[in-house]
Amino acid sequence: MKPQSLPMVYLVDDEEVVRDALSWLLRSRRLLSEGFGSAEAFESMLDGLPRQGLDWPSAPSCLLLDVRMPGMSGLALFERLIERGLLQTLPVIFLTGHGDVPTAVAAVKQGAYDFVEKPFSDNALVDRVEQALAVSAAAIDARDQHSALGQRIGELTEREREVMQLVVQGLPNKLIADQLNISVRTVEVHRARVFEKMEVKSAVELSNLLRGDGAAG
């Protein structure tokens, strides 16, 4: 598991005074932030990411998102984030006025992390931000582990993959050899290479690794 960079809180609100206040509040709890004056500006940043942002965010992150803004609304941006598959690694906390609460509640049902009604309690808001960052960190770890496992599987030859699947099913070397019409010694060589490439020491460990990632079968 590779170390993650410092957490980042993204602020999307059309009012500069609100962004400044939020940034100051987050700094008081030693949290970095980056502000955007519109949903379009934030989406433009996403569009400019290399490789279409497949590995973004690389650091624990969350988004404080105003519901009502000129141009693209916070809810419209939220829908775009759903399409990009970012809600796990970038939890969204909506900032709402009283009249926007029903909209925010509906967004939570669609996967938003939470909503906070204005005026909000500073400490309560930052507490929720820190909890959202913890969720993001866990999701990034899971994503990176899945990616690393996929790379390891991609390094296997076709025969090694065949042997791996039968090892995971619990077949002994003799039955694997019979099923693949190869020698037991050849199975032993392929099995050893599979263990080395997958960075495991036993069939049980290999099975658990694949089952935990959903890659078995």
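Residues numbered from 1 in each chain as written. Predicted model: local features only at pLDDT ≥ 70, side-chain atom pairs only at ≥ 80, totals over all residues. Heavy atoms only, no water.

A.B. asks: Sorry if this is basic, but what is going on with the pairing of strand E4 (residues 92–96) here?
C.D. replies: For a regular strand, side-chain orientation follows a simple rule: the groups alternate between the two sheet faces. Burial of E4 is extensive: five of the five residues sit out of reach of the surface. Side chains of E4 alternate between two faces, with Val 92, Phe 94 and Thr 96 and Ile 93 and Leu 95 buried alike. As paired elements, strand E3 (residues 61–66) and E4 share four bridges and run parallel to each other. By the bridge assignment for E4, Leu 64 is matched with Ile 93. Bridge count for E4 against strand E5 (residues 114–117) is four bridges, and the pairing is parallel. (Buried < 20%, exposed > 50% of the residue type's maximum accessible area, 1.4 Å probe, protein only. Helix = DSSP H or I, 4+ residues; strand = E, 2+ residues; numbered from the N terminus. Pairing = 2+ DSSP bridges.)

A.B. asks: What's the story with the sheet that holds strand E1 (residues 8–12) in this structure? I'm lost.
C.D. replies: The strands making up a sheet associate through backbone hydrogen bonding, with each pair oriented either parallel or antiparallel. If you trace the five strands from one edge of the open sheet to the other, you get E2-E1-E3-E4-E5, paired in parallel fashion. Each edge of the open sheet is held by one strand with a lone partner, namely strand E2 (32–36) and E5. The mean angle between the axes of side-by-side strands here comes to 20°, regardless of whether they run parallel or antiparallel. In the sheet, E1 pairs with E2 via five bridges, with the strands oriented parallel. (Axes fitted to C-alpha atoms, helices over the stretch in contact; angles between N-to-C directions.)

A.B. asks: Looking at this structure, how should I read helix H1 (residues 16–28)?
C.D. replies: The α-helix advances 3.6 residues per turn, and as a result positions three or four apart in sequence lie on the same side. The end-to-end C-alpha distance of H1 is 18 Å, a good match for the 18 Å that 13 residues give at a rise of 1.5 Å each. Buried within H1 are the following residues: Val 18, Arg 19, Leu 22, Ser 23, Leu 25 and Leu 26. Burial along H1 is one-sided: seen end-on, the buried residues are contained in an arc of 165°. Counted as exposed and oriented over 90 degrees from the buried face of H1: Glu 16, Val 17, Trp 24 and Arg 27. Where H1 is buried, its residues meet E1, E2, E3, E4 and helix H5 (122–154). Looking one or two residues past H1, Arg 30 carries a phi angle of roughly 60°, positive in sign. (Expected span 1.5 Å × (residues − 1). Arc of directions from axis to C-beta. Contact = heavy atoms within 4.5 Å.)

A.B. asks: Please clarify how the side chain of Arg 19 should be interpreted in this entry.
C.D. replies: Tracing the backbone through its elements, the reader meets Arg 19 in helix H1. Among the polar contacts listed, one links the side chain of Arg 19 to the backbone oxygen of Asp 13, at a separation of 2.7 Å. Excluding residues that lie within four positions of it along the chain, Arg 19 makes contacts with Leu 11, Asp 13, Asp 14, Gly 35, Phe 36 and Gly 37. (Polar contact = N/O pair within 3.5 Å; in protein donor to acceptor, adjacent residues only side chain to side chain.)

A.B. asks: Is there a simple way to think about the pattern of salt bridges in this case?
C.D. replies: Across all of its chains, the model carries 14 salt bridges by this definition. Note that Arg 143 is salt-bridged to Asp 144, the shortest N-O span being 3.1 Å. Two residues, Glu 188 and Arg 185, come together in a salt bridge whose shortest N-O distance is 3.5 Å. With Glu 188 and Arg 185 both in helix H8 (residues 184–198) and three residues apart, the pair spans about one turn of that helix. In this structure, a network of salt bridges that share partners links the residues Glu 43, Asp 47, Arg 80 and Arg 84. (Salt bridge = Lys/Arg side-chain N within 4 Å of Asp/Glu carboxyl O.)

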